[in-house]
Amino acid sequence: MSDVKVSAEQFRPPESLAGVQTRALWIGAAGIVLSVVGVVLDREQFFRSYLVAWVFWTAVALGCLGWQMVQHLSAGYWGLVLRRALEAGARTLPFLFLLFVPLYFGMESVWEWATEHAAHDELIQKKAAYLNVPFFWARAAIYFAIWTVLAYTLSHYSRRQDETGAPEVTVRLRNISGPGVVVFVLVSTFACWDWLMSLNPHWFSSLYGFYFVSSTALTGVLFMIVCAWWLAQRPPLDRLLTPKHFHDYGKLSLALVMFWAYMTLSQFLITWAGHVPEFTIWYHARNSGGWRPYTYFLVIFHFFVPFLMLLSAALKKQPSRLVLVACYLLVMRWLDLYWQVAPTFHRELTFHWLDATTLVGVGGLWVFLFVRELRSRTMVPIRDPYFPEMVAHE
């Protein structure tokens, strides 16, 4: 263990975060105001666009929670330097539950099983014990309660670690994270079944949960890259975030792009081999009309293009280039999420201006909350037993 001495004063949040917080709030408010206008003009489209935007930003927060637990288990330097950002992102989850509530008023515009028509659909009625409005919202509350307990418990012990530096606190964080990862994956699986897979209640996939979790993990890493790039240009993290960290983030991105592609292909091959109408209807909607070229577009630009770019070790070690790839992939993540949702409602490929305003509105509010949480603590866990060693070997 190194004898390098550090203090909390050295790692105060940069003053420029206050400006980011203010701008995010104004941008988010503008997006929300425009989206509210959309409720009047096209109520159904608003709720459909809002679902995509909300799930996208929720995936960012869930990615922060998941990678935070992985970091506690691995004690890797790649995550130690960004632990405060991961904790701040995870602590936004209860606020995201509040942002989920507006969908209650438009359930019939989004989920077929919540409409009056469902009473005359034999297959939906067989699933009615699970797919009903009260149980849907009860499950959502349970999901967010579990995620919130995990996020705030980890943050609580992380604060205690800063205050005491006691080794048993580090052990406690690791002991929570082990079963926490398992619970996180299980809860996230049920959540994506409810919010996305049930958009078409006649279809189901046993791999959809893994598909969603892999997408969430990728989204979390991409967000880490963007945060690391911004923080690396400002004290106090400008001397801690090195090309080695970005190389690690790039390697994680490459692995998860490949894993996302593997999950996507596996789900398709199982569906194709089974050739059961209840399974194939989901892919038929995405492989016909204007959606067919869009599907090919995702295959090329969400997998092949970033895969080839991220093979470059030189690119992964250059933050200014890697962050461009991360931003590009975040756009692909939204386009992939849109591909999962929109064909349920539109036979032809179409985009609506509400897709943009809801994304900006929810995103601006989320960034505001994230930065507010990030500013509430020191930028690094200075009493973590591995932190002095990381500083000594920066």
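Everything numeric here is computed off the predicted structure, so don't read it as measured data.

**Comments concerning the overall build of the chain**
Helix and strand counts for the chain stand at 17 helices and zero strands. Whereas a compact globule of 394 residues would reach a radius of gyration of roughly 21 Å, the chain reaches 21 Å, a difference of no more than 12%. Along the three orthogonal principal directions, the C-alpha set of the chain runs to about 70 × 40 × 40 Å. The burial tally for the chain puts 53% of its 394 residues in the buried class. In the chain, the proportion of contacts linking residues at least 24 apart, taken out of those at least 6 apart, comes to 82%. If you sum the accessible surface of the chain, you get close to 17,000 Å²; carbon and sulfur atoms cover 69% of it.

**Observations concerning the pattern of salt bridges**
Pairing between side chains of opposite charge can happen when their charged atoms approach one another. Throughout the structure, instances matching the rule amount to twelve salt bridges. Residue arginine 377 is joined to glutamate 87 by a salt bridge in which the shortest nitrogen-to-oxygen separation is 3.9 Å. Residue arginine 377 is found in the loop between α16 (353-374) and α17 (387-392), and its partner glutamate 87 is found in helix α4 (residues 83-90); the two are separated by 290 residues along the sequence. For the pair arginine 377 and glutamate 87, one class covers both residues: buried. Among the ionic pairs, arginine 91 bridges to glutamate 373, the shortest N-O distance being 2.7 Å.

**Focus on the side chain of threonine 148**
Along the chain, threonine 148 turns up in helix α8 (residues 133-164). Apart from the residues lying within four places of it in its own chain, the contact partners of threonine 148 are Leu93 and Pro94.

**Regarding the environment of proline 236**
Inspection of the secondary structure puts proline 236 in the loop between α10 (208-231) and α11 (243-274). Along the backbone, proline 236 and valine 380 are 144 residues apart, and their C-alpha atoms lie at a distance of 9.1 Å. Those residues within four positions of proline 236 in sequence are excluded, and the remaining contacts are Gln10, Phe11, Arg12, Pro14 and Met379.

**Regarding a nonpolar patch on the surface**
A cluster of nonpolar side chains, namely Leu34, Val37, Val40, Leu41 and Trp353, defines an oily patch on the protein surface of about 530 Å² accessible area. Of the residues forming the nonpolar patch, the biggest block, four residues, is contributed by helix α1 (residues 16-41).

**Things to note about the packing of α1 against α16**
Two elements in contact, α1 and α16, have axes whose closest approach is 7 Å; the angle formed by their N-to-C orientations is 150°. Our classification of the angle between α1 and α16 gives roughly antiparallel. When the axes of α1 and α16 are compared, the crossing they make is left-handed. Partitioning the contact of α1 with α16 into residue classes produces 17 nonpolar, nine polar and one charged.

**Overview of the layout of surface pockets**
The calculated volume of the largest pocket comes to roughly 700 Å³. Lining the largest pocket we find 27 residues, and of these Trp57, Phe223, Val226, Gly363 and Val367 sit closest to its centre. Of all the secondary-structure elements, those providing two or more residues to the lining of the largest pocket are α1, α2 (43-74), α10, α15 (319-341) and α16. Of the residues forming the lining of the largest pocket, the biggest block, nine residues, is contributed by α16. Among the residues making up the lining of the largest pocket, the classes are represented as 24 nonpolar, two polar and one charged.

**Concerning unusual backbone geometry**
A cis amide bond, omega 10°, links proline 235 with the succeeding residue proline 236. One non-glycine residue, alanine 75, lies in the positive phi region at around 55°. In this fold, alanine 75 is placed in the loop between α2 and α3 (77-80).

Reading the values: rules and limits
Residues numbered from 1 in each chain as written. Predicted model: local features only at pLDDT ≥ 70, side-chain atom pairs only at ≥ 80, totals over all residues. Heavy atoms only, no water. Helix = DSSP H or I, 4+ residues; strand = E, 2+ residues; numbered from the N terminus. Rg over C-alpha atoms; globule rule 2.2 N^0.38 Å. Buried < 20%, exposed > 50% of the residue type's maximum accessible area, 1.4 Å probe, protein only. Contact = heavy atoms within 4.5 Å. Areas by Shrake-Rupley, 256 points an atom, 1.4 Å probe, with all protein chains shown as cover. Salt bridge = Lys/Arg side-chain N within 4 Å of Asp/Glu carboxyl O. Patch = residues over 30% accessible without salt bridge, like charges linked within 9 Å, V, L, I, M, F, W, Y side chains within 5 Å. Axes fitted to C-alpha atoms, helices over the stretch in contact; angles between N-to-C directions. Parallel < 35°, antiparallel > 145°, perpendicular 65-115°, else oblique. Left-handed = near helix turned anticlockwise from the far one by under 90°. Nonpolar A, V, L, I, M, F, W, Y, C, P; charged D, E, K, R; others polar. 1 Å grid on protein atoms, 1.4 Å probe; cavity = no way out; pocket = protein on both sides within 12 Å on 5 of 7 lines; lining within 4 Å. Points joined across faces, edges and corners; volume = space filled by probe spheres on them.

Any functional reading would require information beyond the geometric quantities listed.
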